[in-house]
Amino acid sequence: MPATVTTQLVEAPAEAAVRGSGVLRTALRSRRLIAGLCIVGFFVLLGVVGPLFFGNPNLVGTVQHAGPSAAHWFGTTDIGQDVFAQTVVGARATLEIGAAAGLIATVVSVVIGIGGGYAGGWVDEALALLSNVALVIPTLPLVIVVAAFVKNTGLLPTVFVIALTSWAASARVLRGQTLSIRNRDYVLASKALGEPVWRIVLVEIMPNELPIIVSQYLFAMIFAILAQAGLAFLGLQSPDLLTWGNTLYFAQNAQALSSGDWWWFAPPGLCIALLGAGLALINFGLDELLNPRLRVYREPRARRAARADGTETGQ
Amino acid sequence: MIPSTGTETRDDSSGLGTDLVLRASNVSVEYAGSRPTRAVREVSLELRRGEVLGIVGESGCGKSTFAYALTRMLRPPARMTAGVVEYYGRDGEVIDLAALSGDRLREFRWNKISMVFQSAMNALNPVTGIGSQMDDIFRTHRPGMDKAARRARAGQLLEMVGIDPRRLRSFPHELSGGMRQRVVIAMALALEPEIVVMDEPTTALDVLVQREILDEVERLRAELGFSVVFITHDLALLLEISDRLAVMYAGQVVEYAPAEQVATEPLHPYTRGLLRSFPDLRGQRREMHGIPGNPPDLREALVGCPFAPRCESVFEPCREITPPLRAPAGGWPVACHLHDPAHDDYSSEGGR
Amino acid sequence: MRLRYIGRKLGFYLVAAWIAITLNFFLPRLIPGDPVAVIISKQQQTGTVPLGEADQLRRLLGLGSGSLAGQYGQYLNSLAHLRFGLSITVFPTPVIDLVRQAVFWTLILVGIATLLSFALGIALGTVTGWKRGSRLDAIVPATTLLTAVPYFWLALLLVYLFANTWQIFPAQGGFDPALDVGWNGAFISSAIQHSLLPAITLIVASVGGWLLGMRNMMVATLAEDYVVAAEAKGLTPLRVMAKYAARNAVLPSVSGFAVSIGFVVTGQIVMEQVFNYPGVGNLLFAAVQNQDYPLMQGIFLAISFAVLGANLLVDLLYGFIDPRTKEA
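Overview of the structure. Since the model is a prediction, treat every value here as computed from it, not as a measurement.

The rules behind each value
- Residues numbered from 1 in each chain as written.
- Chains lettered and ligands numbered in written order.
- Predicted model: local features only at pLDDT ≥ 70, side-chain atom pairs only at ≥ 80, totals over all residues.
- Helix = DSSP H or I, 4+ residues; strand = E, 2+ residues; numbered from the N terminus.
- Buried ≥ 20, exposed ≤ 12 C-beta atoms within 10 Å, placed from the backbone.
- Contact = placed C-beta atoms within 7 Å.
- Nonpolar A, V, L, I, M, F, W, Y, C, P; charged D, E, K, R; others polar.
- Pairing = 2+ DSSP bridges.
- Axes fitted to C-alpha atoms, helices over the stretch in contact; angles between N-to-C directions.

Helix and strand content of chain A: 13 helices and zero strands. Its helices and strands in sequence order give chain A the pattern α-α-α-α-α-α-α-α-α-α-α-α-α, from N to C terminus. A burial count over chain A gives 47% of its 315 residues as buried. In chain A, of all internal contacts separated by at least 6 residues, the share reaching a separation of at least 24 is 70%.

Encoded structure:
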């Protein structure tokens, strides 16, 4: 069985490294993780420090519809606002919404997924049904309709509305994991020893699902940033809130597209994509680190060339 | 531990005596990495036609890796770094396995050497029927067979291992563990190969089913005359079914001998340790012993005998000189200074 | 046993549909003030309101007379007769007519584009997974970036490039407004031409997700014993890849397909805004802008039912491609 062979002979060193002082070294070997951390770190820095360098990014200027230049790196809008300033300042609210909505969604999914999975019985059945239904009911239309009905589109409502529509998939995954962990020997042993429920859940079960929770959080954050951009683009967000999505909304409204002001709508979208990709890369990197089966062995180029005709496995 | 109906009668029935079917010389396998793991170290073994060669050792000793090397099934990062594996056909053809590639390698596989994997559940594709998976073998290797012939043959194979041919339509999850392993064995015999490599074929089964499967293998082997490389960590089981066996430790063969001799007078202290770690049902009651300690890290360069830190008979040369695999006068190959004439003074003390 | 699986799935989707309907029932209660008065006054701005419209609206919005249960009953009755009221946006067209038209456009576009994207993503994912560790791995970071791009932004970019700059595709609408709507060659070819850019956007934006998921599953599946065994059997690489590895690796993607339909429809809603495509998304947007509550509710229900139906289909299909489903 090759899995066994690999487990015994290849993973063993990797595992030892993870446990020992080599955690960092192993992590640093994952190029994806590094790239992801760099990208996300860059944007976080931008969101924290960036706004300090710009006064009011919505300040109207005299130079309108100007392409990128030394004075305006990303050009200006139809009323002379500096797109670069807007992009930098917009990073903060975008990240805040993403991080907060992701966090709430993750907490909800942990409570419902792990709670239900551990409780079992009808509580579990009911919560599982709830997650499954929440999963198949199309969320963004619901969010749009709710947002339109509520007409309150500040930071907090946006965060909650997004969070409450994106916890279900993750809850389902966590429930499945909990169901399998619940009956493992060490959990049963703790139960037999009379450990309190909260301790079993927090100490015995949660740590084992931490990698999944982290990964789900990163995905929830990506979803929140995309959903927020979509809502803003539809004009369902307070225009006072400067996010990348809102910048796109104003660009679209001013017909930046047909007037050829590509510098207006390109940066915010690209930033969203880059940030999302950064978060996804961290996720893939962690996945590779924690799930050795996904680790792909790359042969040194020289050796690959040397036996280009007949391969070891006959593929 | 050897049943009275043991090895001698079997040799007579196959009648092919001692000619070779597979020879591995100085095979080394490495798992690439920042510090490569040398999982198999210069192993040389011979498989005779019709015999059962057992390979035994703790998990991680390289026995499975070696089996994969024999069948050219190593995947990166594992790689055979040295050695030769040669196959000798009945009609005198000699095939160097390392030289095979592409279509010729595919043609060789399963036709000459087939494999039975440890977990039958995992070795069968869960989403297609048993029949369709057997069909794939014939379609690939016997393009001349038509559909009816392929199905007939598949049914025949199932019957041969004691399964109702109607089961061809079943999916793996619909069969019991024992039945699945029988199906896997039937598949291994589909093309009537010369060699079947069995990698812990009964480890995942309960004792009764294990017994049934072993009897089945015995019967089929007597009937069809193929050779078996049988890999397991269960020395008791190997003593019973194999003609000769190789004890592996830390990627090396440390003892290589006829099964009955290993059972009665094992030479290597490690073999003795293995023998003591299971109860002898017929013998006297005695204390059971494990072997204390752990195998060495195969990423390190090994100095001296790799077993020395765990050996109860360790003496001076063991820590510095790696003992070669060498047969003492009148004995069989063993890698231990105790049996090296150069250290004769000690060997009498260290013996049993 | 298979019947039981189908029955269970049907039961689940009935519950889900009921929950969607009930959510819809409660939505108007979020509107500040008297929604019916708001709506009627809006309708009066655009034309004469037929008699009894206020009553009808009240019932439809779940604000009919009597107890909450009674209101709920009246609301269900309206739905059963497909009475969704009149739209404010296109007054006094019944909501059901508008929704029907829009759903037609979106369904065809999203349906075809999603199936193409899925097929393409699975095929590419299979190959990149199979050839893991080769130069094809370079596709992974690029696709990762692609999956994080908002659909509508990609649409903006493609419109800018293909419609505005190079003028290869029309930028706006679902067909050439100069043509008669109907099943004639000129109209259909115009419709296809107009749907190409939205379809390409949808495919480009969603193919990456399928590709990455499939590739990861392939890499994991290739380590399975049955794949190793298939190789040991000397089967051709194509057969090992397709029948042993991909056939198993695709299962999570198929079950994920169900969940993602909602996501794709969602992306489509915002995207249609960019193309001014006459689909559900555009209609929903118009409804939101005009505070057209009846239309919004109608669209939400339509989308919900479309997504639930698609999910049901996928689940039933899954039951057939994975023989183990019956026991799960």
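Bringing the overall build of chain C into the picture now. Within chain C one finds twelve helices and zero strands. Taken from the N to the C terminus, the helices and strands of chain C come in the order α-α-α-α-α-α-α-α-α-α-α-α. Based on the C-alpha atoms only, the size of chain C along its principal axes is roughly 80 × 55 × 40 Å. Classification of the 328 residues of chain C by burial places 48% in the buried group.

By convention, interface size is frequently given as the accessible area that disappears when the constituent parts associate. Tallying the contact residues gives 50 residues for chain A and 48 residues for chain C. Of all the secondary-structure elements, those providing two or more residues to the side of chain A that touches chain C are helix H1 (2-19), helix H5 (121-136), helix H6 (139-150), helix H10 (197-233) and helix H12 (262-290) of chain A. The element best represented in the side of chain A that touches chain C is H6(A), accounting for ten residues. A breakdown of the residues in the side of chain A that touches chain C according to their chemical character gives 37 nonpolar, ten polar and three charged.

The next point concerns the sheet that holds strand E5 (residues 94-96) of chain B. Paired through backbone hydrogen bonds, the strands of a sheet run either parallel or antiparallel to each other. Residues and elements named next belong to chain B. One open sheet holds the four strands; their spatial order is E2-E1-E4-E5, and the pairing between them is antiparallel. Looking at strand neighbours, the two that pair on one side only are strand E2 (37-48) and E5, the edges of this open sheet. Between one strand axis and the next, the sheet turns by 5 degrees as a mean value, whatever way the strands run. Strand direction decides the pairing type here: strand E1 (residues 20-31) and E2, joined by eight bridges, are antiparallel. Of the residues in E2, the one forming a bridge with glutamate 30 is arginine 38. Of the strands in this sheet, E1, E2 and strand E4 (78-88) touch helix H2 (residues 63-70), which is tilted by about 120 degrees from E1.

Let's shift gears to the environment of B:Pro258. Tracing the backbone through its elements, the reader meets B:Pro258 in strand E10 (residues 252-258). Among all residues touching B:Pro258, those that are not within four sequence positions of it are B:Asp243 and B:Arg244.

Cis geometry is found at the peptide bond from B:Pro76 to B:Pro77, where omega equals 5 degrees. Looking at the element boundaries, B:Pro77 is found in the loop between H2 and E4. A positive phi is found at B:Ala250, a non-glycine position, where the angle reads about 50 degrees. Among the secondary structure elements, B:Ala250 is positioned in the loop between strand E9 (244-249) and E10. Take B:Ala250: there are 23 C-beta atoms within 10 Å of it, and that puts it in the buried class. With a phi angle near 55 degrees, C:Gln167 is a residue other than glycine that sits in the positive phi range. Among the structural elements, C:Gln167 can be located in the loop between helix H7 (151-165) and helix H8 (185-222). Accessibility expressed as a C-beta count within 10 Å gives 9 for C:Gln167, which makes it exposed.

Keep in mind these values describe shape, not function.
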